[in-house]
Amino acid sequence: MAGNHTAISKVSPTRALLSHIAIWVAVIIAVFPISRIVTISLRPGNRLLSSDLSIIPADASFENYVRVFSEKPFLQWIYNSLVITVTTSLIGVILASTAAYAFSRFKFPGRKSGLLFLMMTQMIPAAMLVLPIYLILTQLNLLNTYAGMVVAYSVTTLPFSIWVLKGYFDSVPRSLEESARIDGCSEFGAFYRILLPLSTPSLAIVFLFNFTQAWNEYIIASTVIQNPGLRTWPLGLYELQGNYSSEWGMFAAGSVIISIPVVLLFLYSSKYMVSGLTVGGSKG
Amino acid sequence: MVDFVPALLEVLRLLFLLSLGVAFILAAVQLNYAYWKNPAYLPFMFALGLAIGFVLKSHFSADWSVVVFLGVAPMAVSLFFKYALKGRHKSPMYFAAPAVVGVFLLFMYPLMFELYLAFHWLNLETLGQWIRTGEIEFAGLRNFATVLQAGTETRESFWTITGRTFLWTGINLFFHLTLGMGLAILLNQKLRFVGIYRTILILPWAIPQLIAVLAWRGEFHSTYGYVNNILDIVNSLFSIPWGDGVIQPLTWLGIERQAWWSDPTALFASICIVNIWLGVPFMMIVSLSALQAIPRSYYEAASLDGASRWTQFRNITLPLVKPVMIPATILGMIWTFNNVNVVYLMTAQRGGSQGADILVSDLYKQAFFYNRYSFSAAYAVVIFLILLALTAVWFRVSKIADDPIK
């Protein structure tokens, strides 16, 4: 681990043992609820409601996995989610990086109030914006469209992305862009050819952040989307768990399938994500 | 099978609207730069604002909020270009305008509209009329009065919920911080498997929240959920014969089988448990990265001087961790205060107020379960004022003024 050289060096055996025990308790608390989802997904349909606590049930079967694909439009939900998520994330990264460039590299009237405004938007809960957005979309006849959904998403994620990217751009030395400008590069060229390639990791983080936000969003989607053909996976899974007793197993199976790639992606990127959050939040 | 068309059509429509919007904003910047020196510029933009307002009101019978908002926009823009920019700062304007103007419009307009609703009567009965004619009756401050009134059958009193929201924020933040910091300190030692432990402990944060919360909710089922069953197992494993009866350790401590779904206090407790479980990993990772940034030599020097571990923690760790932890704590506070997801998903299937709602989740239910649109708008304005006070704290602490360009 990268941080080991700064860790406190000598750990006495008793202390080590106690630490291991304490961590193990935390590990069990963290993992057990998740392992239960796997357990339930493996239970055959006639045994869904059971107080059995074994991790892999004795009569394990993949019945629920087959059923969620065959009886429910599960692939359709995933496809819809993917389409909307990729689009919003790409739009988010493009708009956020240009704005962050302006805020990081230029001094102009309204800069500080602009940054303050962007930060202020973070204080407003999405629940507060849902009602007016819902009513406006009703009036404009835009309910059941992704356009309305994306509007609601980007209001909350764009400002945050701008802050995070601005934090990264601030840490990239300006001399490179300046020399490119002297060599005859345009302002946009300096941004597009010099700064953006240097900030690929941070762009990836912002993309991931936007991606997870849109991928997991339920509240806004549930008010705006009613057309079954446009449902995203959170709406679908919520429905399955809605009539709990009967569809519990399919819910669990669907959850496992959706979680695996997301969790892997997250574990891979979480370290960078945190540094992004703290850079954006503390250094401004 | 999968129908690829509807979602793609939606995306095309979205891209079309978006490029229209961006093109409009960029063209507006361009035109303003071209004409700001013209003596007719200001009068023209003001006339344009009035004309927009007039057309919206007479031909589209738009709400006053739209009329004022879109009518004032050209006037404000022209003043900004004429007196603040004066033809300078071209490139940052082009770079920033699409995102900032977009967010500003998409954010301020709903807020203005919410304010408008708060002073009018809009509910299911008047909704049809409003969509057809754009007109609703003026209500004055009566919606606000209702918000602050004593509770009814479908609505708890505002003060109860506010109190619960602060309790909720306090409880969650306390456990997130102490457990997160504690785990980080444990993981910041030279132990075997530390990397694996850390990866596993992040899992509650990594798993999609909707899935985690819905799964937890199922497990709080009074008969089939594991929560009650584990309580039973612990009780029977560690029961101690005492006199005539048996003492069961958890029951003795006051922790018993609960009807988690129906008892309001138990429901609130269960939501807290779920949210603590979800939020600890974030604080753990943030504190861990702060701890790892502290040079080991500080501790070595301190122990040479005979400082105890507790003294080292208080005088080295805490002060050095503070600059990272304070922004993270405030961020966590705002997230917890605004956490509609967890509370809503844990309580939604049992309809409206069940004695476990916090402000934002109650707001959401009032709007979409009971369709009290205007009431919810007034409610939202009140919550907004509370949040504004919290925001003031945020700005004071996060020192937004420390900025590389000054």
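As the structure is a prediction and not an experimental result, all values here were calculated from the model.

1. A word on the overall build of chain B
Of regular secondary structure, chain B possesses 17 helices and 2 strands. For chain B, the spread of C-alpha atoms along the principal axes amounts to about 95 × 60 × 50 Å. Nonlocal contacts in chain B, meaning residues at least 24 apart in sequence, comprise 67% of its contacts between residues at least 6 apart. Accessible surface, chain B as shown: approximately 19,400 Å² in total, 70% of it carbon and sulfur.

2. Section: the overall build of chain A
Scanning chain A for helices and strands turns up 12 helices and 0 strands. If you list the helices and strands of chain A from N to C, you get α-α-α-α-α-α-α-α-α-α-α-α. When burial is assessed residue by residue, chain A has 59% of its 284 residues classed as buried. Long-range contacts, defined here as pairs at least 24 residues apart, represent 73% of the contacts in chain A between residues at least 6 apart. Carbon and sulfur atoms make up 68% of the accessible area of chain A, which totals about 11,300 Å².

3. What to know about the confidence of the model for chain A
Residue and element names in this part refer to chain A. Model confidence for chain A is summarised by a mean pLDDT of 82, while 88% of its residues fall at 70 or above. Confidence drops under a pLDDT of 50 for residues 1-7, and excluding neighbours within four residues, the segment shows 13 contacts in the predicted structure. Taken as a whole, residues 280-284 scores under 50 in pLDDT and shows 16 contacts with residues more than four places along the chain or in a different chain.

4. Things to note about the domain arrangement of chain B
According to the domain assignment, chain B consists of domain 1 (5-142) and domain 2 (149-222 + 258-370). A straight line from the C-alpha centre of domain 1 of chain B to that of domain 2 of chain B covers 39 Å.

5. Structural notes on the interface of chain A and chain B
On the chain B side, the residues contacting the 124 residues of chain A number 122 residues. Each partner contributes to the roughly 11,200 Å² buried at the junction of chain A and chain B, and carbon and sulfur atoms together form 77% of this total. Here B:Glu219 makes a salt bridge to A:Arg36, at a shortest N to O gap of 3.0 Å. Counting the contacts that link chain A with chain B gives 13 residue pairs in polar contact (both at pLDDT 80 or more). Classifying every residue of the side of chain A that touches chain B gives 80 nonpolar, 31 polar and 13 charged.

6. Focus: the nonpolar core
With 217 residues, the main nonpolar core has A:Leu135, A:Leu237, B:Leu201 and B:Tyr379 as its most contacted residues. Once residues within four sequence positions are removed from consideration, B:Leu201 is found in contact with A:Ile23, A:Ala26, A:Val27, A:Ala30, B:Leu183, B:Leu187, B:Pro281 and B:Met284.

7. Points about the packing of aromatic side chains
Under the criterion given, the structure shown has 49 aromatic pairs over all chains. Taking 5.6 Å as the distance between ring centres and 85° as the angle between the ring planes, the aromatic pair formed by A:Tyr101 and A:Phe106 counts as edge-to-face. Both rings, one in B:Phe220 and one in B:Trp260, keep their centres 4.9 Å apart while their planes meet at 65°; by these two values the pair is edge-to-face. With a gap of 40 residues between them, B:Phe220 in the loop between α9 (209-219) and α10 (226-237) and B:Trp260 in the loop between α11 (249-252) and α12 (264-292) connect regions that are remote in the sequence. In terms of burial, B:Phe220 and B:Trp260 fall into one category: buried. Grouping aromatic residues by their ring pairs yields a cluster made of A:Phe32, B:Trp216, B:Phe220, B:Tyr226, B:Trp260 and B:Trp277. A cation sits over an aromatic face here: B:Arg372 above B:Tyr370, 4.8 Å from the ring centre.

8. Things to note about the packing of helix α3 (residues 74-105) of chain A against helix α9 (residues 200-216) of chain A
Residue and element names in this part refer to chain A. Contact geometry for α3 and α9: axes closest at 8 Å, N-to-C directions at 140°. Relative to α9, α3 is oriented oblique. The handedness of the crossing between α3 and α9 comes out as right-handed. Residues Ile78, Ser81, Leu82, Thr85, Val86, Thr88, Ser89, Leu90, Gly92, Val93 and Ser97 of α3 lie in contact with α9, whose contacting residues are Leu203, Val206, Phe207, Asn210, Phe211, Ala214 and Trp215. Of the residues belonging to the contact of α3 with α9, the class tally is 11 nonpolar, 7 polar and no charged.

9. Quick look at a nonpolar patch on the surface
Together, A:Leu17, A:Leu18, A:Ile21, A:Val25 and A:Ile29 give the surface a local cluster of nonpolar side chains, amounting to about 490 Å² of exposed area. Examined against the element boundaries, A:Ile29 turns out to sit in helix α1 (residues 13-42).

10. Structural notes on the pattern of salt bridges
Where side chains of opposite charge bring their charged atoms close, a pairing between them can arise. One pass over the structure, following the stated rule, counts 10 salt bridges over all chains. Of the charged contacts in the structure, one is a salt bridge between B:Asp357 and B:Lys365, with a shortest N-O distance of 3.1 Å.

11. Notes on the packing of α9(B) against α12(B)
To characterise two packed helices, one gives the angle between the axes of the helices and the distance between these axes. Residue and element names in this part refer to chain B. In contact at an axis separation of 11 Å, α9 and α12 are set at 145° when each is read in the N-to-C sense. Relative to α12, the crossing made by α9 is right-handed. On α12, the residues that touch Gln209, Ala212, Val213 and Trp216 of α9 are Ile273, Val274, Trp277 and Leu278. A breakdown of the residues in the contact of α9 with α12 according to their chemical character gives 7 nonpolar, 1 polar and no charged.

12. Here we look at the side chain of A:Thr39
Residue and element names in this part refer to chain A. With respect to the secondary-structure elements, Thr39 resides in helix α1. Residue classification places Thr39 among the buried positions, given a relative accessible area of 2%. Those residues within four positions of Thr39 in sequence are excluded, and the remaining contacts are Ser54, Ile55 and Pro57.

13. Here's the deal with the confidence of the model for chain B
Averaged over every residue, the pLDDT of chain B is 85; residues scoring 70 or more account for 95%. Across the interfaces of the predicted complex, the ipTM metric reaches 0.83, alongside a pTM of 0.84.

14. So, helix α8 (residues 187-198) of chain A
Counted at 1.5 Å a residue, the expected span for α8(A) with its 12 residues is 16 Å, and the 16 Å between its end C-alpha atoms agrees. Of the surrounding elements, those touching the buried residues of α8(A) are α3, α6 (146-171), α7 (175-182) and α9 of chain A together with α4 (90-118) of chain B.

15. Here we look at the environment of B:Leu18
In this fold, B:Leu18 is placed in helix α1 (residues 5-35). Once the C-alpha coordinates of B:Leu18 and B:Pro98 are considered, the two residues, 80 residues apart in sequence, prove to be 9.9 Å apart.

16. So, the environment of B:Val103
Tracing the backbone through its elements, the reader meets B:Val103 in helix α4. Overall, the relative accessible area of 2% leaves B:Val103 in the buried class. In contact with B:Val103, other than residues within four places in its own chain, are A:Phe117, A:Leu118, A:Thr121, A:Leu158, A:Pro159 and B:Met108.

17. A short note on the environment of B:Gly245
Residues and elements named next belong to chain B. Within the secondary structure layout, Gly245 lies in strand β2 (residues 245-247). We classify Gly245 as partly exposed; its relative accessible area is 36%. Counting along the chain gives 118 residues from Gly245 to Leu363, while the straight-line C-alpha distance between them is 49 Å.

About the cut-offs
Residues numbered from 1 in each chain as written. Chains lettered and ligands numbered in written order. Predicted model: local features only at pLDDT ≥ 70, side-chain atom pairs only at ≥ 80, totals over all residues. Heavy atoms only, no water. Helix = DSSP H or I, 4+ residues; strand = E, 2+ residues; numbered from the N terminus. Contact = heavy atoms within 4.5 Å. Areas by Shrake-Rupley, 256 points an atom, 1.4 Å probe, with all protein chains shown as cover. Buried < 20%, exposed > 50% of the residue type's maximum accessible area, 1.4 Å probe, protein only. pLDDT = per-residue confidence, 0-100. Domains from an automatic or database assignment. Buried area = accessible area lost by both parts, 1.4 Å probe. Salt bridge = Lys/Arg side-chain N within 4 Å of Asp/Glu carboxyl O. Polar contact = N/O pair within 3.5 Å; in protein donor to acceptor, adjacent residues only side chain to side chain. Nonpolar A, V, L, I, M, F, W, Y, C, P; charged D, E, K, R; others polar. Core = buried A, V, L, I, M, F, W, Y, C linked by side-chain atoms within 4.5 Å. Phe/Tyr/Trp six-rings, centres within 6.5 Å; stacked < 30°, edge-to-face > 60°. Lys NZ or Arg CZ within 6 Å of the ring centre and 35° of its normal. Axes fitted to C-alpha atoms, helices over the stretch in contact; angles between N-to-C directions. Parallel < 35°, antiparallel > 145°, perpendicular 65-115°, else oblique. Left-handed = near helix turned anticlockwise from the far one by under 90°. Patch = residues over 30% accessible without salt bridge, like charges linked within 9 Å, V, L, I, M, F, W, Y side chains within 5 Å. Expected span 1.5 Å × (residues − 1).

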